[in-house]
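# Architecture at a glance
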Amino acid sequence: MDDGMTLRSHLDQAAAGLPNGPAVADVISAISAASIELADLIADGPLAGITGRFEGINSDGDQQKDIDLAADGMMRRALRNAAVAAILSEESELPEVFDNGAPLCVAIDPLDGSANLENNISVGTIFSIRPRGNDVLSTFFEPGTAQCAAGFVVYGPQTILVLALNNSVETFILDRRRREFLLIARGVKIAPSTPEFAINASNHRHWHGPVRAYIDECLAGTKGNGEADFNMRWIGSLVAEALRILVRGGVFLYPADARPGYREGRLRLLYEAHPMALIMEWAGGDATTGRRRILELAARTPHQRVPLIMGSKRGVRDVAAIHEGIEPMFDNSDAPLFARRGLFR
Ligand code: FBP
C-alpha cells in the first residue's frame, strides 16, 4: 500500500493547477461518494430489495435491471450538486443539461456489466470528464483527447477506484469502516509486454480476418512463430479486465464482428472506450480500434459503439500491425491469413 493518503487529499494536490482544478476534484469526489453508496447496495443485493429484476429496455435496446436504474439515480443525484453542465448516462437516450454555466461535462456508465451480478462477479462504474465547450451538448462530440480526467470503480471482493488525472493513474481502495477511498498505488504503469489476451472466443467465427489472425497466432504460441505461449482470460466485465491489465499487463479485445448489431463492436465510445483509452495511455499502455487511436475518435451519436483493443503497448501494437498487413477486403475471409503476414516474423 502507498501512504494511505485519502482520495480527497490526492484530489486537492493532483487537481491544483489544472484548468478548472477544484471543479474537477469536486466532480470526482461526487462520483466516489455515490460509488460508496452503490458498493453497499451491490453488496446487500436481495437484502436491499435488489433482485436483478428486469425493469425495461433503454433507448439503445439494452435490458435495464433494477440495479442499473438505482445506480443511474445515485450518480445523477451526486452530480447534480457538482460543477456539471451536462451528463450523458448509458441509461438515457440523450444528455441531460444540469447547469449551462458549469465548467464540466460527464459521460458515465453508472453500472457496467450488471448481468454479472447474478453470479457475484465484479461490476463497475466508468466515467469520463471533459471541459464544457461553448455549446454544452456538442462537448460530447469532441475527440477523446478533450477529456481532462477519467476513471472507473470496480465493485468486487474489494471496491477499487482507478483514476486518471493530471497525466497519471492512481488506484484507491475503499476503506469500508472509514467510508473513504485510500491511495494504494501511485503512477501505475502497465507492463509493456505480457503474453496474455482477453476476448470472448465464442465469437471466433464472426471475427474479421485481422482479429482472427492475431488470436490464432497467440494460440499457436511457440509452436507457431511466436516468442511466447499466451495465457487467456475472459471475465466478461470491462472494469475487471481493465484492472487486470493495469496490474499485470496483457491485451483486451472487443472487436467489431459480423453479427448483426456488432458492426462497430459492442462497447460505447463516450463512456467506455474513451475513458479506458485515457487510463491506458496515461499508464503507458495503448488503445486502438485496430486501425485508429481511440482518443482521436469523436462520437457521431451519444451511444455510438466502437471496437476496443487496449492494454500493453506491445500487444496493442501487434494487433494494429496485423490490421495494417491485412487489407480490409480480407476481413471475414475464411482463408488462413498467417501466410500474408506473421505477427512474430
Ligand atoms: P453493457 O454495457 O451492456 O453493460 O455490457 C458491457 C459488458 O458487460 C462489458 O463489461 C463486457 O466487456 C462485455 O459487455 C461482455 O460482452 P459479451 O457478453 O459479449 O462477452
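Residues numbered from 1 in each chain as written. Predicted model: local features only at pLDDT ≥ 70, side-chain atom pairs only at ≥ 80, totals over all residues. Heavy atoms only, no water.

A few words on the domain arrangement of the protein. Partitioning the protein into domains gives domain 1 (7-185) and domain 2 (196-341). Here the C-alpha centroids of domain 1 and domain 2 sit 25 Å apart. Facing 43 residues of domain 1, the contacting portion of domain 2 comprises 31 residues. Roughly 2700 Å² is buried in total at the junction of domain 1 and domain 2, and carbon and sulfur atoms are behind 68% of that figure. The largest per-residue losses of area from domain 1 upon contact with domain 2 belong to Ile 126, Phe 141 and Phe 152, which jointly make up 20% of the total buried on that side. (Domains from an automatic or database assignment. Contact = heavy atoms within 4.5 Å. Buried area = accessible area lost by both parts, 1.4 Å probe.)

Of all the eleven residues making up helix α5 (residues 238-248), nine are buried; the element is thus mostly covered by neighbouring parts of the structure. All of the buried residues in α5 are Leu 238, Val 239, Ala 240, Glu 241, Ala 242, Leu 243, Arg 244, Ile 245 and Leu 246. (Buried < 20%, exposed > 50% of the residue type's maximum accessible area, 1.4 Å probe, protein only. Helix = DSSP H or I, 4+ residues; strand = E, 2+ residues; numbered from the N terminus.)

It is worth spelling out the site of the ligand at this point. Looking at the ligand, the residues that line it are Glu 90, Asp 112, Gly 113, Asn 200, Trp 234, Gly 236, Ser 237, Leu 238, Tyr 254, Arg 266 and Glu 272. Coverage of the ligand by the protein chains reaches 82% of its 480 Å² of free accessible surface. Residue classes in the shell around the ligand are distributed as three nonpolar, four polar and four charged. When we break the shell around the ligand down by domain, the ones giving at least three residues each are domain 1 (7-185) and domain 2 (196-341). (Near = heavy atom within 4 Å. Areas by Shrake-Rupley, 256 points an atom, 1.4 Å probe, with all protein chains shown as cover. Nonpolar A, V, L, I, M, F, W, Y, C, P; charged D, E, K, R; others polar.)

Let's shift gears to the pairing of strand β9 (residues 168-175). Here β9 lies mainly inside the structure; six of its eight residues are buried. Summarising the sheet, strand β8 (residues 159-165) and β9 pair through six bridges and their orientation is antiparallel. Paired with Leu 163 across the two strands is Glu 170, which belongs to β9. Here five bridges tie β9 to strand β10 (residues 180-185), and the two strands are oriented antiparallel to one another. From the neighbouring strand, Asp 175 faces β10, where its bridge partner is Glu 180. The hairpin formed by β9 and β10 contains four residues between the paired strands, and Arg 179 there has a positive phi angle of roughly 55 degrees. (Pairing = 2+ DSSP bridges.)

Inspection of the secondary structure puts Cys 105 in strand β5 (residues 104-112). C-alpha separation for the pair Cys 105 and Val 84, spaced 21 residues apart in sequence, amounts to 5.6 Å. Other than its neighbours up to four places away in sequence, Cys 105 contacts Ala 85, Ala 86, Ser 128, Ile 129, Arg 130, Arg 132, Val 136, Thr 139 and Phe 140.

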